[in-house]
Amino acid sequence: MRRTVFNEDHEAFRETLRAFIEAEVVPVYDEWFAAGQAPRDFYYKLGELGIFGISVPEEFGGAGLDTHKFEAVLYEETARAGVQFGGSGVHVLLALPYIKMLATDEQKKRYLPKFVTGEEMWAIAMTEPGTGSDLAGMKTTARLSEDGTHYVLNGAKTFITGGVHADKVIVCARTAAPTAEDRRHGISLFAVDTKSEGYSIGRKLDKLGLRTSDTAELAFVDVKVPVEDLLGEENKGFSYLGHNLASERWGIAFGAYAQAKAAVRFAKQYVQERTVFGKPVAHFQNTKFELAACQAEVDAAEAVADRALEALDAGELTPAEAASAKLFCTEVAHRVIDRCLQLHGGYGYMNEYPIARLYADNRVNRIYGGTSEIMKTIIAKDMGL
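Please read these numbers as outputs of a predicted model, since none were measured by experiment.

Trainee: Break down the overall build of the chain for me, with residues and values.
Mentor: Looking only at helices and strands, the chain has twelve helices and ten strands in total. For the chain, the C-alpha radius of gyration of 21 Å lies close to 21 Å, the compact-globule estimate for 385 residues. By its C-alpha atoms, the chain is 80 × 50 × 40 Å across when sized along the principal axes. Classification of the 385 residues of the chain by burial places 52% in the buried group. Counted over contacts in the chain with a minimum sequence separation of 6, partners at least 24 positions apart contribute 76%. Accessible surface, the chain as shown: approximately 18,100 Å² in total, 53% of it carbon and sulfur. Looking at charge distribution, the chain has the averaged site of its 43 positive side-chain charges lying 5 Å from that of its 54 negative ones.

If you want it as structure tokens, here you go:
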């Protein structure tokens, strides 16, 4: 089937990106994997390549393109090469939409030029040690000072992707107590400078997968946040968080589909080269059947991911549709990658093979951005159940 989602500009970007990955990432990726993070200076290279500024308005140094299709190409090409770009995905996919949606003109002038170049890397801090998906239960507080010039931030966050290298973090904190009618009331968003006194990075978390993505615990002890760094209106943070969930879940869905597609590529290459009982593994009927079934699932996931992409770009992707795409694509990726690893035999369990790393990287897709069970709840509610 011929895809129609990409045009010549996207394909030209794909060629540039593929060459960049081969030259700048693949040769050193094992070092990143062992270190548990990409080096900070790599993000400057991504800035020079224009990765961070695709959808940033031209007046702030970006390309001003209102589309997620270049991000989609990025998902496909990194998965194809079996690599990750560290924690930079959060910088663009999660942090940027909040800046574009909530920042004032004055804030955009301060934030976006350095965002585009990679001089300031951004992360977002929502999850807390005791809350998980229950964001309304967060305990981190931001109290307005008596003179009204700043907020005093206290609390802790965990599972913060990009948290080690971040220069700015969008922190969700309580500026008012929840009400009996609405426990989500009272949450606000702040752009916090990580160099602020009282701001500290705890453990760099040791994850099963996404090993090159720095994920950290954060702590705030009387951190002073200027009132000029409040994003949006006070106490309306929970509604802002919900606004960007569709694009976040599309990103996870598309990334999962891209991983499944890459898994089939890795397995096909392996079984054609690996010889057992005097002939290539690809010659066995079971191998052909397994890969054919995987390819059929990838074709279906591609159609779902592309449809969601078109809807997202048109501003028409509903929460239920995003949940459906995430549920379907992540579950397909889970099945496909597992079967492709099986075709590698014992070597599939070795980290020197990209399928092993892909297996570990993929597992979180059914957890973050809302678990598969949460996706089913959203879909069922939309069905009137």
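On we go from here.
Trainee: Report on the packing of helix α8 (residues 245-273) against helix α11 (residues 354-362), specifying residues and quantitative values.
Mentor: Contact pair α8 / α11: the axes reach a minimum separation of 10 Å and the direction vectors enclose 160 degrees. Overall, the two elements α8 and α11 adopt an arrangement that is roughly antiparallel. Here α8 runs over α11; the crossing is left-handed. Mapping the contact onto sequence places Q259, A262, A263 and F266 in α8 and P354, I355, L358, D361 and N362 in α11. For the contact of α8 with α11, the per-class residue count stands at six nonpolar, two polar and one charged.

Trainee: A description of the pairing of strand β3 (residues 150-161) should follow, citing residues and the corresponding values.
Mentor: Note that strand β2 (residues 141-144) and β3 share four bridges and pair antiparallel. When the bridges of β3 are listed, R143 appears paired with V152. Taken together, the nine bridges between β3 and strand β7 (residues 215-226) define a ladder with antiparallel strand orientation. Residue pairing in the sheet places I160 in a bridge with A216 of β7.

Trainee: So what's going on with the environment of A176? Residues and values would help.
Mentor: The residue A176 is located in the loop between β4 (168-174) and β5 (187-193) in this model. Exposure remark for A176: the relative accessible area of 23% places this residue in the partly exposed category. A sequence separation of 90 residues divides A176 from F266, and the C-alpha atoms of the two residues are 51 Å apart. Other than its neighbours up to four places away in sequence, A176 contacts H185, G186 and N235.

Trainee: Describe the nonpolar core, and please don't skip the residues or the numbers.
Mentor: Ranked by size, the top nonpolar core spans 111 residues in total, and within it V25, F42, F85, L153, L189, V336 and C340 carry the most contacts. Sorting elements by how many residues they give to this core places α8 first, with 15 residues. Every residue in contact with C340, bar those within four places of it in the chain, is listed here: A263, V264, A267, L291, C294 and I355.

Trainee: Can you break down the side chain of H10 residue by residue, with the values?
Mentor: On the secondary structure map, H10 appears in helix α1 (residues 8-25). Given a relative accessible area of 5%, H10 falls into the buried group. Polar contacts involving the side chain of H10 include one to the main-chain amide nitrogen of N7, which spans 2.9 Å. Setting aside its immediate chain neighbours within four residues, H10 contacts V5, K69, F70 and V73.

Trainee: Tell me about the pattern of salt bridges, residues and numbers included.
Mentor: One pass over the structure, following the stated rule, counts 26 salt bridges. Residue R3 is joined to D306 by a salt bridge in which the shortest nitrogen-to-oxygen separation is 2.7 Å. Of this pair, R3 sits in the segment before α1 while D306 sits in helix α9 (residues 285-313), and the two are 303 residues apart along the sequence. Between E331 and R366 there is a salt bridge, with its nearest N and O atoms 4.0 Å apart. Separated by 35 residues along the polypeptide, E331 in helix α10 (residues 319-343) and R366 in the loop between α11 and α12 (372-382) bring together distant segments of the chain. One continuous salt-bridge network, built from bridges that share partners, spans R3, E11, R14, R18, E76, E77, K261, E302 and D306.

Trainee: Describe the environment of K108, with residues and values.
Mentor: Counting through the fold element by element, K108 comes out in helix α6 (residues 105-117). Remark: the alpha-carbon pair of K108 and V171, spanning 63 residues in sequence, is separated by 17 Å.

What counts and what doesn't
- Residues numbered from 1 in each chain as written.
- Predicted model: local features only at pLDDT ≥ 70, side-chain atom pairs only at ≥ 80, totals over all residues.
- Heavy atoms only, no water.
- Helix = DSSP H or I, 4+ residues; strand = E, 2+ residues; numbered from the N terminus.
- Rg over C-alpha atoms; globule rule 2.2 N^0.38 Å.
- Buried < 20%, exposed > 50% of the residue type's maximum accessible area, 1.4 Å probe, protein only.
- Contact = heavy atoms within 4.5 Å.
- Areas by Shrake-Rupley, 256 points an atom, 1.4 Å probe, with all protein chains shown as cover.
- Lys, Arg positive; Asp, Glu negative; His and termini not counted.
- Charge placed at Lys NZ, Arg CZ, Asp CG, Glu CD.
- Axes fitted to C-alpha atoms, helices over the stretch in contact; angles between N-to-C directions.
- Parallel < 35°, antiparallel > 145°, perpendicular 65-115°, else oblique.
- Left-handed = near helix turned anticlockwise from the far one by under 90°.
- Nonpolar A, V, L, I, M, F, W, Y, C, P; charged D, E, K, R; others polar.
- Pairing = 2+ DSSP bridges.
- Core = buried A, V, L, I, M, F, W, Y, C linked by side-chain atoms within 4.5 Å.
- Polar contact = N/O pair within 3.5 Å; in protein donor to acceptor, adjacent residues only side chain to side chain.
- Salt bridge = Lys/Arg side-chain N within 4 Å of Asp/Glu carboxyl O.

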